[in-house]
Amino acid sequence: KKFMENVYNKKAWISEFFCTRINLSFHSIFPQTFLSPFIDSNNTIKTSKYNAFNFLPLNLFEQFQRLANAYFLILLFLQLIPQISSLPWYTTVIPLVVVLSITGVKDAIDDMKRHQNDNQVNNRSVLRLVKGRMEEDKWMNVQVGDIIKLENDQPVTADMLLLSSSEPYSLAYVETADLDGETNLKVKQAITCTSDMKDNLDLLSAFDGEVSCELPNNKLHRFTGILSYKGKDYFLDHDKLLLRGCVIRNTDWCYGLVIYTGPDTKLMQNSGKYTFKQTHVDRLPFWFLNKYTFFPPSHRNPIGHGIWENKIGYYFQIFLPWENYVSSSFVSSLFIFWSYFIVLNTMVPISLYVSVELIRLGNSYYINWDQKMFYAPKNTPAQARTTTLNEELGQVKYVFSDKTGTLTQNIMIFHKCSINGTLYGMHPAKYVPTYMLQKDKIDFAYNKLADPKFSFYDKTLVEAVTKGDPWVHLFFLSLSLCHTVMSEEKVEGELVYQAQSPDEGALVTAARNFGFVFRSRTSETITVVEMGETRVYQLLAILDFNNVRKRMSVIVRTPENRVMLFCKGADTIICELLHPACISLCDVTLEHLDDFASEGLRTLMVAYRELDNKFFRTWSVKHGEACLSLDNREKKLSIVYEEVEKDLMLLGATAIEDKLQDGVPETVMTLSKAKIKIWVLTGDKQETAVNIAYSCNIFEDEMDEVFTVKGKDSETVRQELRKARSKMKPDSLLDSDPVNIFLAKKHKALFTMPEEVPNGSYGLVINGYSLAHALEGDVELELLRVACMCKGVICCRMTPLQKAQVVELVKRYKKVVTLAIGDGANDVSMIKAAHIGVGISGQEGMQAMLNSDFAFSQFYYLQRLILVHGRWSYNRMCKFLSYFFYKNFAFTLVHFWYAFFNGFSAQTVYDNWFITCYNLIYTSLPVLGMSLFDQDVNDTWSLCFPELYEPGQLNLYFNKKEFMKCLIHGIYSSLVLFFIPMGAVYNSERSDGKEISDYQSFSLIVQTSLIWVVTTQIALKITYWTVISHFFIWGSLGIYFCLLFLLYSDGLCQMFPNVFQFPGVARNTLNQPQMWLSIVLIVVLCMLPVIGYQFLKPLFWPVSVDKILKRIHYCMKHPLPPPIRPRRRRPGLRRSAYAFSHQHGFGALITSGKTVKSKALKKNSFPAKK
């Protein structure tokens, strides 16, 4: 293939070639070995990560990227060296193997689901042309150069050049929801030289064209190539290409030539790469310990040992002989260094990692079991597809959301209308039971052509229609004529509308149900069934929509020979075109539009004008001349349109609901209160996206300004962004601005962008073309600074890869937790790029869900996932880490104080069995009980007060400061735990005169005191007591004493003297008053600072959360009735966000006659009946 650049339009030619020419003969019998190595001729797709051969090495490689696993692997190697090992090797290898195995099994199960989905897609059936006949084959066997046949409602197999179709002029209609999120139809057309082949297999088999085109790339809206056929070259562009992921609509069949397959298709090029996700918790603890604790003690103790051996131990070798491998005090110190490294590993034992995985697993099951996140209509529960990101859910700062299928259902509903100053469409309350809705729903049974899915509840409108109100009739006649919808009637009476946008479909369907049925059209006529009577209107002209006009009109001749113009469009435009006689009616209609806008409905105005025959003939001549003009054709047409679109008579206005997912506005508002910023990244049109942003409360009418970036080059985009920043924060353009000074000093790849506070509330809208320039060079910093100061950001007309680039931009410079949520294949790259990916199991396949970390069915479950489960998981994990490090600092640092009394010999204070059981048995259940069941407030209060979420975003509960508190507290407790028992047993004796100042008694007192201290400490930390919490905490004390008497019993010591070396110590020590006095004193001294800090902190160092918790406790004791929220009016603001096509409508296509099938093709059509 040729890689072509610098193609600016269809008439431009190729200026440069960047790779060698590759000839592709498209005759299916040619061998595929002639294809370029650049081209992947196999159509197999692969979204899975592993196979049977690479699973073990690749999975282990990924798992050992976690610092915890790598650390314990190094520790295991050290424990295998007998000269330095102070603990058996199996104490590390068994837990490590268990953790790796559990994680590996979980990863394998997730990947098997991806394999199943890949197999399902790869094994779909398709008709392939082989030796002159069509044979059924699998998708995976399709290769570059094959000719395949696609039928209506069938997904496109690979990126292919359209050769011919069943439609006139070889048109094909496709839906691109999986690519760009749009469900409106797009038109593709084959080139003339291939369209004549139709479905003639002989001609298709003999086709020997040669295509030169660009290399595979991810640009969805761009394709350049040349077809050489029969000595002529034909220019190929995006309009000739059917992309994988599209669905054929309203087209019986079409033939295509495969250009790109498998991973080379534009869909797969935009799918993004999988990145290994680690949480803040996975990285921080080990970094803290490496920096603050591991190496300082490991260095000090060997130095102390070397000094002691040199000054004391060297002279006492007759009593304490050196080992054979020790030749000097330096060598002994070197071995002691590694021995202490192993001893001090209990600061971060492998039980920490095991406990973290268990806590994450438990909190994941809470998500799976949450009945409030279960979607009954689809019988779909929420799924935590990964167990490693739960606490990250409690730290989310940015949410990146798709629009279609995520925020909206992509269902347009004719909600209300205003006709001649009368308002229709009083809908029932939102939470009325279903059976009541069915009872109040209007029955359209009298209309045989009505759409059974259409719902309306205001009977007064039906009464106006049946009574023959002329204005109501004219209003619906206008809706049934002024559109570019195409009708299909394969079964008589069952009409299927194919609309370029869902809005048009909703309006035409509404007119259909109220008795004005658009039935069929040709290039010259429109057939409408009016109240049961079939009438044919002559189509004289379509004045098509574009982004400047914001309206469309049709001119028709009625059966009574009247020339009528019907117009619909944005109210801001239509109002300027009205006849002066409509002023009073316009004022009333505008009030209705205010009401519609306050409800977030999409509005437009409808008007008409009766034209004089003489005037129309004169205008028609001008119109024909403008259509044939070669210079400034669009401008001349616009001038001609304005001549006829004036002095319009107002009929009324429509209000369409772009039906949101349930609870979306409330969810967005709740997340905003939690200081979570929401960016909408969509492939849809700007008007539609902005309207949805207002409906969802992402944008608000009270905002100071919504900036729109629409520059066509980098410099223009930069200037627009700087202009926006000058309004949001004027000082930010000065060199003296702190952020500018900061950016000037920092290297681009190494800094975190500081937070900036704007002087008001702002929004930002940017399209995909401008975004491509904004993501280049240092313009991306301008974009980031402006976007991060905005309350909401809308990025429209985006490719899937651009979505991922925006997410990566925020991740790179903001160092915050990001979450991406979507439902389609076009959202996969964004979901993979974010820290947390959430898939909605919607109508656009399973790709998003299969590549997500969490999945559910409705967007409003996101607030519960984040504010309830996420906050609980973060709080629990932070409590767990702070307590776990404290108890292990207190446990381990006793060895450090003991080293001053044993010559720094790495001898442990405790019995080996206590060291083994401390984290595994004695303290495991209490910490698990707290980490799985504790909650400061319940789920209801968590949602009522989203401000409680802020500490997670700022990471207030476990950071360097909190870690140092744990370390200082652990050091203090270890001092108390060591020196008070030391003082209690030093030179002391029992009542019978025997000494108790022995190592074993001292060890027992220290470890028993330690168990009491850490148990009391966790009891003070718990805020939500359950039966299980009591059982775990106090039961663990009972387990300790039971095992104490068992392990120190005379029987075990006699049977295994080398294993159990503390015979009778428990029995002889626990009956001494010195021990119990020491335990009580130690517990009191260790708990006093904790109790004092917890009491004084809210008084002298209160934070916002403390104030909210105090308010919640007050509300629990003094419940208040819910406030009545007045309806918010937004006078003076009207938004017409009618979703016309983003370029041009189907007007030119319809009037050209290309959509009209020949009689030979109309096998399933039916004549209109009166």
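Predicted model, so just to flag it, every value in this text is computed and none were measured. (Residues numbered from 1 in each chain as written. Predicted model: local features only at pLDDT ≥ 70, side-chain atom pairs only at ≥ 80, totals over all residues. Heavy atoms only, no water.)

### Concerning the overall build of the chain
Step number 1: In terms of regular secondary structure, the chain is built from 40 helices and 32 strands.
Step number 2: Looking at the chain residue by residue over its 1170 residues, the buried ones come to 57%.
Step number 3: For the chain, restricting intrachain contacts to residue pairs at least 6 apart in sequence, the fraction spanning at least 24 positions comes to 74%.
Step number 4: Accessible surface, the chain as shown: approximately 50,800 Å² in total, 59% of it carbon and sulfur. (Helix = DSSP H or I, 4+ residues; strand = E, 2+ residues; numbered from the N terminus. Buried < 20%, exposed > 50% of the residue type's maximum accessible area, 1.4 Å probe, protein only. Contact = heavy atoms within 4.5 Å. Areas by Shrake-Rupley, 256 points an atom, 1.4 Å probe, with all protein chains shown as cover.)

### Quick word on the nonpolar core
Step number 1: With 70 residues, the main nonpolar core has Phe880, Tyr910, Phe914 and Leu1010 as its most contacted residues.
Step number 2: Among the elements that line this core, the one with the most residues is helix α28 (residues 861–899), at 17 residues.
Step number 3: Not counting the four nearest positions on each side in its chain, tyrosine 910 is found in contact with Ala890, Phe891, Val894, His895, Ile915, Tyr999, Ser1003, Val1006, Gln1007 and Leu1010.
Step number 4: With 58 residues, the next largest nonpolar core counts Phe475, Cys482, Leu539 and Ile656 among its residues. (Core = buried A, V, L, I, M, F, W, Y, C linked by side-chain atoms within 4.5 Å.)

### A look at the state of the cysteines
Step number 1: In total, this model carries 0 disulfides according to the counting rule given.
Step number 2: Counting only cysteine sulfurs, cysteine 567 is the nearest neighbor of cysteine 482, a cysteine outside any disulfide, at a range of 6.3 Å. (Disulfide = S-S within 2.5 Å.)

### A closer look at the packing of helix α10 (residues 350–369) against helix α30 (residues 924–933)
Step number 1: At a minimum axis distance of 9 Å, the contact between α10 and α30 shows a crossing angle of 30°. Classified by the interaxial angle, the pair formed by α10 and α30 is roughly parallel. The interaxial crossing formed by α10 with α30 has right-handed handedness. Taken together, the residues of α30 that come into contact with α10 (itself represented by Ser355, Leu358, Ile359, Gly362, Asn363 and Tyr366) are Leu928, Ser931, Leu932 and Phe933.
Step number 2: When its residues are assigned to classes, the contact of α10 with α30 shows 6 nonpolar, 4 polar and no charged. (Axes fitted to C-alpha atoms, helices over the stretch in contact; angles between N-to-C directions. Parallel < 35°, antiparallel > 145°, perpendicular 65-115°, else oblique. Left-handed = near helix turned anticlockwise from the far one by under 90°. Nonpolar A, V, L, I, M, F, W, Y, C, P; charged D, E, K, R; others polar.)

### What to know about helix α34 (residues 999–1021)
Step number 1: Taking 1.5 Å of rise per residue, the 23 residues of α34 would be expected to cover 33 Å, and the 33 Å separating its terminal C-alpha atoms lies within 8% of that figure.
Step number 2: In terms of residue burial, α34 counts as a mostly covered element, since 17 of its 23 residues are buried. (Expected span 1.5 Å × (residues − 1).)

### Some points on the packing of aromatic side chains
Geometry of an aromatic ring pair is reported as the spacing of the ring centres plus the angle between the planes.
Step number 1: In total, this model carries 49 aromatic pairs according to the counting rule given.
Step number 2: Centroid distance phenylalanine 414 to phenylalanine 456: 6.0 Å. Interplanar angle 35°. Geometry classified as tilted. Of this pair, phenylalanine 414 sits in strand β15 (residues 408–419) while phenylalanine 456 is found in the loop between α11 (434–440) and α12 (459–466), placing the two residues 42 residues apart along the sequence. As far as the burial class goes, phenylalanine 414 and phenylalanine 456 line up, both buried.
Step number 3: Between phenylalanine 1031 and phenylalanine 1032, the ring centres sit 6.1 Å apart and the planes meet at 50°, which makes this aromatic pair tilted.
Step number 4: By relative accessible area, which is 18% here, phenylalanine 1032 ends up buried.
Step number 5: Clustering of aromatic rings is evident, with ring pairs tying together Phe414, Phe444, Phe454, Phe456, Phe475, Phe476, Phe514 and Phe516.
Step number 6: Directly above the aromatic system of tyrosine 497 lies the positively charged group of arginine 512, at a separation of 5.4 Å from the ring centroid. (Phe/Tyr/Trp six-rings, centres within 6.5 Å; stacked < 30°, edge-to-face > 60°. Lys NZ or Arg CZ within 6 Å of the ring centre and 35° of its normal.)

### Here's the deal with the pairing of strand β21 (residues 533–543)
Step number 1: Where strand β20 (residues 525–530) and β21 come together, 6 bridges link them in antiparallel fashion. Pairing of isoleucine 526 across the sheet is with tyrosine 537, part of β21.
Step number 2: Between the end of β20 and the start of β21, which pair antiparallel, lie 2 residues, with methionine 531 showing a positive phi angle near 50°.
Step number 3: Both β21 and strand β22 (residues 551–557) contribute to a ladder of 5 bridges, which runs antiparallel. Opposite alanine 541, over in β22, you have isoleucine 555 as the bridge partner. (Pairing = 2+ DSSP bridges.)

### Quick word on the UniProt feature "transmembrane region" (unreviewed entry) in the chain
Step number 1: Under the UniProt annotation, "transmembrane region" (unreviewed entry) lies at residues 64–81, 87–105, 880–901, 913–933, 966–987, 999–1020, 1027–1048 and 1075–1096.
Step number 2: Along residues 64–81 one finds 72% helix and 0% strand; the C-alpha atoms at either end are 22 Å apart.
Step number 3: Between the end C-alpha atoms of residues 966–987 there is a gap of 33 Å, over a span that is 91% helix and 0% strand. (UniProt positions renumbered as here; feature names shortened; annotations may be inferred.)

### Notes on the pattern of salt bridges
Step number 1: Evaluated as defined, the whole model comprises 39 salt bridges.
Step number 2: A salt bridge links arginine 562 to glutamate 610, with the nearest nitrogen and oxygen atoms 3.0 Å apart. A residue pair is termed long-range when its members are at least 10 positions apart, and arginine 562 in the loop between β22 and β23 (563–569) and glutamate 610 in strand β24 (residues 602–611) qualify at 48 residues.
Step number 3: Between aspartate 934 and lysine 879 there is a salt bridge; the shortest N-O distance is 2.6 Å. A residue pair is termed long-range when its members are at least 10 positions apart, and aspartate 934 in the loop between α30 and α31 (939–944) and lysine 879 in helix α28 qualify at 55 residues.
Step number 4: Given a relative accessible area of 5%, aspartate 934 falls into the buried group.
Step number 5: Ionic contacts of the salt-bridge type, sharing partners, join the residues Asp370, Lys372, Arg864 and Asp939 into one network. (Salt bridge = Lys/Arg side-chain N within 4 Å of Asp/Glu carboxyl O.)

### Concerning the UniProt feature "active site" (unreviewed entry) in the chain
Step number 1: The UniProt feature table records "active site" (unreviewed entry) at Asp402.
Step number 2: As for its position among the elements, aspartate 402 is in the loop between β14 (396–401) and β15.
Step number 3: With relative accessibility at 1%, the residue aspartate 402 sits in the buried group.
Step number 4: Apart from residues lying up to four places away in sequence, aspartate 402 is in contact with Leu407, Leu681, Thr682, Lys803, Ile821, Gly822, Asp823, Asp827 and Met830.
Step number 5: At 3.4 Å, the side chain of aspartate 402 and the side chain of lysine 803 are in polar contact. (Polar contact = N/O pair within 3.5 Å; in protein donor to acceptor, adjacent residues only side chain to side chain.)

### A short note on a nonpolar patch on the surface
Step number 1: Taken together, the side chains of Tyr1093, Phe1095, Leu1096, Leu1099, Phe1100 and Trp1101 make up a nonpolar region of the molecular surface, amounting to roughly 700 Å² of accessible area.
Step number 2: Looking at the secondary structure, you find leucine 1099 in helix α38 (residues 1073–1100).
Step number 3: Classification of leucine 1099 by relative accessible area gives exposed; the value is 55%. (Patch = residues over 30% accessible without salt bridge, like charges linked within 9 Å, V, L, I, M, F, W, Y side chains within 5 Å.)

### Examining the sheet that holds strand β9 (residues 232–236)
Note: strands within a sheet are paired through backbone hydrogen bonds, in either parallel or antiparallel orientation.
Step number 1: With respect to topology, 3 strands assemble into an open sheet ordered β7-β8-β9, the strand pairing being antiparallel. Each having just a single partner strand, β7 (210–213) and β9 make up the two edges of the open sheet. Averaged over all neighbouring strand pairs, the angle between strand axes comes to 20°, with direction disregarded.
Step number 2: Pairing geometry for β7 and strand β8 (residues 225–229), over 4 bridges, is antiparallel. Along β8, the bridge assignment pairs glutamate 210 with serine 228.

### Section: the environment of arginine 128
Step number 1: Position of arginine 128 among the secondary structure elements: in strand β1 (residues 125–130).
Step number 2: Classification of arginine 128 as buried rests on a relative accessible area of 17%.
Step number 3: For the pair arginine 128 and glycine 256, spaced 128 residues apart in sequence, the C-alpha separation works out to 9.9 Å.
Step number 4: Setting aside residues no more than four positions away along its own chain, arginine 128 makes contact with Arg133, Met134, Glu135, Asp137, Asn141, Val142, Asp146, Ile147 and Ile148.
Step number 5: One polar contact links arginine 128 to aspartate 137, side chain to side chain, over a distance of 2.9 Å.

### Digging into the sheet that holds strand β4 (residues 159–165)
Step number 1: One open sheet accounts for 6 strands, arranged β2-β1-β3-β12-β4-β10; its pairing is antiparallel. Single-partner strands in this sheet number two, and they are β2 (133–138) and β10 (241–242).
Step number 2: As defined by bridge partners, β1 adjoins β2 across 6 bridges and the pair is classed as antiparallel. Within the sheet, the bridge partner assigned to valine 130 lies in β2 and is arginine 133.

### Observations regarding the packing of helix α29 (residues 912–922) against α30
Helix packing geometry: the angle between the two helix axes and the distance between the axes.
Step number 1: With their axes 6 Å apart at the nearest point, α29 and α30 run at an angle of 30° to one another. One finds that α29 runs roughly parallel with respect to α30. Facing α29, whose interface residues are Asn919, Leu920, Ile921 and Tyr922, α30 presents Ser924, Leu925 and Pro926.
Step number 2: Partitioned by chemical class, the residues of the contact of α29 with α30 number 5 nonpolar, 2 polar and no charged.

### Some remarks on the confidence of the model for the chain
Step number 1: When pLDDT is averaged along the chain, the result is 81; 83% of the residues meet or exceed 70.
Step number 2: When the elements of the chain are averaged for pLDDT, α11 gives the smallest value, 49, and β14 the largest, 95.
Step number 3: Across residues 1–38, where pLDDT falls below 50, the model places 91 contacts with residues more than four positions away in sequence or in other chains.
Step number 4: Per-residue pLDDT stays below 50 along residues 429–439; that stretch engages in 4 contacts with residues further than four places along the chain or on separate chains. (pLDDT = per-residue confidence, 0-100.)

### So, unusual backbone geometry
Step number 1: Even without a glycine there, the phi angle at lysine 230 is positive, about 55°.
Step number 2: Here lysine 230 is to be found in the loop between β8 and β9.
Step number 3: One non-glycine residue, asparagine 379, adopts positive backbone phi at about 55°.
Step number 4: Counting through the fold element by element, asparagine 379 comes out in the loop between α10 and β13 (383–384).

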